[in-house]
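Now for the letters of each chain:
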Amino acid sequence: MSSAPSAGPSVHRLSIRVALAASAIVGVAYLVIAAAVAIVITNNLTSEVDGHLQQALVQMSDVGQGPGGGPPDQKGFDPTRQDPRALPVLVWHVAADGSIAPQGLTNLDLPSTERNAGPPTSVSIDGATYRLAGAPAATGRVVVGQSMDNVSATQSTLIVAEVGIGCALLIVVFLGAVAIGRRVALPIERERERQLEFTADASHELRTPLSVIEAQTSLALARDRDPPWDQSAFRRIDTELKRTRRLVDDMLWLAR
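Each value, and the rule that gives it
- Residues numbered from 1 in each chain as written.
- Predicted model: local features only at pLDDT ≥ 70, side-chain atom pairs only at ≥ 80, totals over all residues.
- Heavy atoms only, no water.
- Helix = DSSP H or I, 4+ residues; strand = E, 2+ residues; numbered from the N terminus.
- Buried < 20%, exposed > 50% of the residue type's maximum accessible area, 1.4 Å probe, protein only.
- Contact = heavy atoms within 4.5 Å.
- Areas by Shrake-Rupley, 256 points an atom, 1.4 Å probe, with all protein chains shown as cover.
- Salt bridge = Lys/Arg side-chain N within 4 Å of Asp/Glu carboxyl O.
- Patch = residues over 30% accessible without salt bridge, like charges linked within 9 Å, V, L, I, M, F, W, Y side chains within 5 Å.
- Pairing = 2+ DSSP bridges.

A. Highlighting the overall build of the protein chain. From N to C terminus, the protein chain includes 3 helices and 5 strands. Along the protein chain, from the amino end to the carboxyl end, the secondary structure elements read α-β-β-β-β-β-α-α. Among the 256 residues that make up the protein chain, the fraction classed as buried is 31%. Across the protein chain, every contact between residues at least 6 apart in sequence was considered, and the portion connecting residues at least 24 apart equals 59%. Accessible surface for the protein chain amounts to roughly 16,200 Å². Of this, 60% is attributable to carbon and sulfur atoms.

So, in structure tokens, the structure goes:
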């Protein structure tokens, strides 16, 4: 029996290719899902902040002019006493003349471009991101804001967690695909190896009868007619032809 190539390297390469393809597909799908989850969670958190700001504006919707024409009294709303689960709401009073007066614990300057703030929008103040909303008041306009630090921190934590889970998932998928690919491809590779071995053996076996036929034919053509010798040569040729026919039939059966 002639030796055939080992199945190991071929199966290994095929399993690596399958594993890389599977990992790429899973990675793209996970990336899309992770991005969607991050967007949904960020939007939900932002909506909570917007609701908090709208609630503050509603509580201040009844504001009247303060004593001496000063900033409005904040009926029922105290920036120093808020939901402990939320960040403090920052409040600015924009007077009719455009002057801005911080209220309560607010110690940030409201950008002049946000004096007419309306629906909630994200603004950068002193390098930090804040969510601002505004509404008309009796003596001008009230603008409220809240830091987005909690949203940013949650978003960062979520991204780190998704990256960690994604890396672990891809490793598991890759190793699993390699193992499954090897298990599935190994029987196929063994059958291919057997085919190669049979082809090599059949080629070797065919050489012998063909060589005998060629030798007997050459001798018969080279010498004078001798019925007894010719009969012996033809018998030998007939035997080798039948042997060749059996080998060809075996190869055709294997092909089918």
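Continuing now.
B. Structural detail: unusual backbone geometry. Of note in this structure, Asp126 is not a glycine but carries a positive phi near 55°. Its location among the elements puts Asp126 in the loop between β3 (121-125) and β4 (128-137). For Asp126, a relative accessible area of 69% translates into the label exposed.

C. Spotlight on the pattern of salt bridges. Across all of its chains, the model carries 6 salt bridges by this definition. Glu240 is the salt-bridge partner of Arg236, the closest N and O atoms lying 3.6 Å from each other. Placement of the pair is Arg236 and Glu240 together in helix α3 (residues 227-255), with a separation of 4 residues, close to one helical turn. Under the relative-accessibility criterion, Glu240 is labelled buried at 7%. A salt bridge links Asp238 to Lys242; the nearest nitrogen and oxygen atoms lie 3.3 Å apart. Of this pair, Asp238 and Lys242 both sit in helix α3, separated by 4 residues, roughly a single helical turn. Here the salt bridges do not stand alone but share partners, grouping Arg236, Glu240 and Arg243 into one network.

D. Looking closely at a nonpolar patch on the surface. A cluster of nonpolar side chains, namely Phe198, Met251, Trp253 and Leu254, defines an oily patch on the protein surface of about 390 Å² accessible area. Here the element with the most residues in the nonpolar patch is α3; it accounts for 3 residues. Within the secondary structure, Met251 is located in helix α3. What makes Met251 partly exposed here is its relative accessible area of 30%.

E. Up close: the pairing of β4. In terms of strand pairing, β3 meets β4 through 5 bridges, oriented antiparallel. Bridged to Thr121 within β4 is Leu132. Hairpin connection from β3 to β4: 2 residues lie between these consecutive antiparallel strands, with Asp126 at a positive phi of about 55°. Pairing of β4 with strand β5 (residues 140-147), which is carried by 8 bridges, proceeds in the antiparallel orientation. Along β5, the bridge assignment pairs Leu132 with Gly145. Counted along the chain from β4 to the antiparallel partner β5, the turn is 2 residues long.

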